[in-house]
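# Structural description and commentary
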2 protein chains.
Amino acid sequence: MQKSLSREQKRQQKLDVILRNASKAFMERGYYKTSLDDIASMQNVTKPTLYYYIKNKEDILVKCEEVTCGRINAMLDDVMDDDVSGYEMLYHFIMRYIPIITDDVARCHVRHRGQMEDPELAKNSIQNHKDIENRVREIIRIGIKDGSIRDCNSTILAILLFDSLNGLTSWYKSDGPVKENELIEEVLKLVTQGVSGS
Amino acid sequence: MQKSLSREQKRQQKLDVILRNASKAFMERGYYKTSLDDIASMQNVTKPTLYYYIKNKEDILVKCEEVTCGRINAMLDDVMDDDVSGYEMLYHFIMRYIPIITDDVARCHVRHRGQMEDPELAKNSIQNHKDIENRVREIIRIGIKDGSIRDCNSTILAILLFDSLNGLTSWYKSDGPVKENELIEEVLKLVTQGVSGS
DNA sequence: AAAATATGTTACTATCGGGTAACTTTATAA
DNA sequence: TTATAAAGTTACCCGATAGTAACATATTTT
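Residues numbered from 1 in each chain as written. Chains lettered and ligands numbered in written order. Predicted model: local features only at pLDDT ≥ 70, side-chain atom pairs only at ≥ 80, totals over all residues. Heavy atoms only, no water.

## Re the relation of the copies chain B and chain A
The transformation that overlays chain B on chain A combines an axial shift of 0.0 Å with a rotation of 180°, and the residual RMSD is 0.1 Å. In short, the pair behaves as if placed about a two-fold rotation axis. Nearest to the rotation axis, the C-alpha of Gly194(B) is located 2.0 Å from it, this being the minimum over chain B. A shared binding surface is used by both copies, with 100% of the interface residues of chain B retained as interface residues in chain A. (Least-squares fit on C-alpha atoms with pLDDT ≥ 70 in both. Contact = heavy atoms within 4.5 Å.)

## Considerations on the interface of chain B and chain A
The parts lose accessible area when they come together, and the size of an interface is often stated as this lost area. With 37 residues of chain B at the contact, the number on the chain A side is 37 residues. Between chain B and chain A, roughly 3,400 Å² of surface is buried when both sides are summed, and carbon and sulfur atoms account for 60% of that area. Looking at the side of chain B facing chain A, the largest losses of area belong to Arg150(B), Leu160(B) and Val195(B), adding up to 22% of the total buried there. Counting across the interface, chain B meets chain A through zero salt bridges. There are 11 residue pairs in polar contact (both at pLDDT 80 or more) connecting chain B and chain A. Contributions of two or more residues to the side of chain B that touches chain A are made by α5 (86-101), α8 (154-167) and α9 (180-193) of chain B. Broken down by element, the residue count for the side of chain B that touches chain A peaks at nine residues, all from α9(B). (Buried area = accessible area lost by both parts, 1.4 Å probe. Salt bridge = Lys/Arg side-chain N within 4 Å of Asp/Glu carboxyl O. Polar contact = N/O pair within 3.5 Å; in protein donor to acceptor, adjacent residues only side chain to side chain. Helix = DSSP H or I, 4+ residues; strand = E, 2+ residues; numbered from the N terminus.)

## Some remarks on the domain arrangement of chain A
Residue and element names in this part refer to chain A. Domains assigned within chain A are domain 1 (1-54) and domain 2 (60-193). Inter-centroid distance (C-alpha atoms) of domain 1 to domain 2 is 27 Å. Contact residues are listed per partner, giving 15 residues for domain 1 and 14 residues for domain 2. Buried surface at the junction of domain 1 and domain 2, both sides included, amounts to about 1,300 Å², of which 72% is carbon and sulfur. At the junction of domain 1 and domain 2, the tally comes to zero salt bridges. The interface formed by domain 1 and domain 2 includes two residue pairs in polar contact (both at pLDDT 80 or more). Elements that contribute at least two residues to the side of domain 1 that touches domain 2 include exactly α1 (2-29) and α2 (36-42). Among the elements that make up the side of domain 1 that touches domain 2, the one with the highest residue count is α1 (eight residues). (Domains from an automatic or database assignment.)

## Section: empty space enclosed by the protein
On inspection of all chains with the given rule, the structure shows four cavities of 30 Å³ or more. Put simply, the largest cavity is a space of about 180 Å³. As for the largest cavity, its lining consists of 15 residues, and the residues nearest its centre are Ser164(A), Leu190(A), Leu160(B), Ser164(B) and Leu190(B). Looking at the lining of the largest cavity, the element that brings in the most residues is α8(B), giving five residues. When its residues are assigned to classes, the lining of the largest cavity shows 13 nonpolar, two polar and no charged. Approximately 70 Å³ is the volume attributed to the second largest cavity. Taken together, Cys69(B), Ile72(B), Tyr97(B), Ile101(B), His109(B), Val110(B), Arg113(B), His129(B), Ile132(B), Phe162(B) and Asn166(B) form the lining of the second largest cavity. (1 Å grid on protein atoms, 1.4 Å probe; cavity = no way out; pocket = protein on both sides within 12 Å on 5 of 7 lines; lining within 4 Å. Points joined across faces, edges and corners; volume = space filled by probe spheres on them. Nonpolar A, V, L, I, M, F, W, Y, C, P; charged D, E, K, R; others polar.)

Spelled out as structure tokens, the structure:
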């Protein structure tokens, strides 16, 4: 029982490695220019071995999405449980969203979300994102209600916010010139105060 | 002479149609899932005919980029020539950027920028975008200097702004529920005032 | 130790799609 | 009206790669 658990863990670990390596490759070379042979050789295995962990190539994208959306929703559960103003909830959300999204697997998800060839999977993927977007809209609505956020179109605001935040994935590197703290501060200031001079 | 000009014009028109149709298909099905046969059949021609107008598949992306960046830079020439504050320049830029970017060819460019297989072309594409980004950073710096924009990291602000604006391309449809005027207003308010409640 | 199961490999198929060569038709120019 | 170039077609090649079948090895359970 103990051993079989460890086997299951090993399996999970190997899947994680596949997802991370594939994500990295997809971000560098793109999904279609990265072959399964490429991915397999990063793990020092051969292509058919991958099929022991994934159903097919597209399944990698699906699994990256599951992992990422799981993390985001767990974070939202936590943030929305707070007994604070909508503005503060939004503030916390942004603070905690940035570290989540600047991870290779999350980057991969953001870039490929909704682009699966199987229409059913694509639909699902889009819905997953809409669900998260709706939860943030709910935060905004709460903020408008309690007066901590100015009256605005919550739909448009949520989308613009996500575009900025998700856009980070294509340029922000945690080992780059911009420090994570500085980045979070700038984003929060922009969102809360805008650009107008005093 | 008159006739030969008209021939040249016809050629240009046909190229435009190719770019527009290809852009639409790339946005719907994705670049790799759209074959040149697909694109050709939209013009009721055969694949080899396309090679009379484009060098290869990637060249479509390059040409979409040329058209779009040309428009943006022309607009910036106009906006930056103004004898107004940095804030006003930024305001005008945003107002005029939105209609430009919500066009099929521009959408295609935004989605595929920097992703050419030929490294030289990819480098070029990234540089084109950086050039535009730098011009907007210059606007922001002017605004900070004249006090019309609050002191901030102009690099980060420019990137966040472009992410929001370019993100529009993936959801905004001019025939959708959100009117262009309303959209522009919301974006401008968010950028200038942020979300904080009074 | 033996049976069963998990994990991995080699070798292959089948398809798709970018690109080209050779040829035909249409339009411009002399 | 004939020569020349533009515009388009049919037919083909060929490289890449997702996915599979059949076989080999390691590991766990009985």
